[in-house]
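Coordinates in review
The chain contents come next:
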Amino acid sequence: MITRLDHIAVAVPDLQRAIARFSEDLGLALTGREDVPTESTSTAFLPIAGTRIELVHPMGGEGPIAKFLEKRGGGLHHLCFSTDDIEGDVAKLKAKGWQFLSESPKPGAHGCRVIFAHPRSCEGVLVELSQPPAAHE
Ligand code: CO
């Protein structure tokens with residue numbers, strides 16, 4: 001079952017400038033930054049009221065975020081929903097015709113297991129499902 005909106009990811013061509021927009025202008029607190037070399041991505045986290053904004057920027061000008069920025073410019077990249085049963089939700093959504101970018105969930109940040117659904121499955125929005133480690137049976 002989907003339990004909450006975990007984060008909203010925004011692709012940004014300039015990470016420092018984007019951090020300033022969300023922290024200095026909008027007043028959100030920057031609580032962390034993480035480079036994910038396997039995804040060629042630099043990330044910054046700005047939590048607010050049970051969810052967080054995640055700024056995603058290409059590391060070294062390469063990878064999926066670089067391609068996204070080339071094609072579409074900066075902007076909304078994906079929504080991530082927490083689930084307490086990722087296999088169950090993937091099966092339910094597949095039965096409704098959803099397509100996923102990998103066969104099964106993969107290890108993500110913070111010990112979560114994650115999977116992405118193709119944007120064509122959800123009105124043009126890339127959707128990530130994430131199951132936190134505490135909810136693993
Ligand atoms: Co995400």
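Here the structure is shown first, and the text comes after it.
The text that follows walks through the structure, step by step, so that each part is easy to find. (Residues numbered from 1 in each chain as written. Predicted model: local features only at pLDDT ≥ 70, side-chain atom pairs only at ≥ 80, totals over all residues. Heavy atoms only, no water.)

1. Digging into the sheet that holds strand β2 (residues 32-36)
Reading across the sheet, the 8 strands line up as β2-β3-β4-β1-β5-β8-β7-β6 and stay open at both edges, with mixed pairing between neighbours. Since the sheet does not close on itself, it has two edges, and those belong to β2 and β6 (106-107), each with one partner. By the bridge criterion, 2 bridges tie β6 to strand β7 (residues 113-117) in an arrangement that is antiparallel. Bridge pairing links Lys106 to Val114 in β7. Helix α1 (residues 15-25) contacts β2, β3 (41-48) and β4 (51-58) of the sheet and is inclined by roughly 160° relative to β4. Set on the sheet, helix α2 (residues 64-72) makes contact with β1 (2-11), β3, β4 and β5 (75-83); between it and β4 the angle comes to about 85°. (Pairing = 2+ DSSP bridges. Helix = DSSP H or I, 4+ residues; strand = E, 2+ residues; numbered from the N terminus. Contact = heavy atoms within 4.5 Å. Axes fitted to C-alpha atoms, helices over the stretch in contact; angles between N-to-C directions.)

2. Re the pattern of salt bridges
According to the stated counting rule, one finds 6 salt bridges in the structure shown. Ionic pairing is found between Arg52 and Asp6, a salt bridge with its closest N-O pair at 3.4 Å. Within this pair, whereas Arg52 is found in strand β4, its partner Asp6 is found in strand β1, the two being separated by 46 residues in sequence. The exposure classification of Arg52 matches that of Asp6, with both residues buried. (Salt bridge = Lys/Arg side-chain N within 4 Å of Asp/Glu carboxyl O. Buried < 20%, exposed > 50% of the residue type's maximum accessible area, 1.4 Å probe, protein only.)

3. Some points on the coordination of the cobalt ion
When four donors bind a metal tetrahedrally, each ideal donor-metal-donor angle is 109.5 degrees, and when six bind octahedrally, the ideal angles are 90 or 180 degrees. His7 (NE2), His78 (NE2) and Glu128 (OE) make up the full set of protein donors to the cobalt ion, lying at 2.0 to 2.1 Å. One chain supplies every donor for the cobalt ion, spaced along it as H-x70-H-x49-E. Taken together, the residues His7 in strand β1 and His78 in strand β5 connect sequence positions 71 residues apart. Given a relative accessible area of 4%, His7 falls into the buried group. (Donors = N, O, S within 2.8 Å, 3.2 Å for Na, K, Ca; no water.)

4. What about the nonpolar core?
Among the nonpolar cores identified, the biggest contains 11 residues, and these are Val10, Val12, Leu15, Ala18, Ile19, Phe22, Leu28, Ala44, Leu46, Ile53 and Leu55. Looking at this core, the elements that each hand over two or more residues are α1, β3 and β4. With 4 residues, the single largest contributor to this core is α1. Sequence-distant contacts of Ile53, defined by excluding residues within four places in its chain, comprise Ile8, Val10, Phe22, Leu28, Ala44, Phe45 and Leu46. (Core = buried A, V, L, I, M, F, W, Y, C linked by side-chain atoms within 4.5 Å.)

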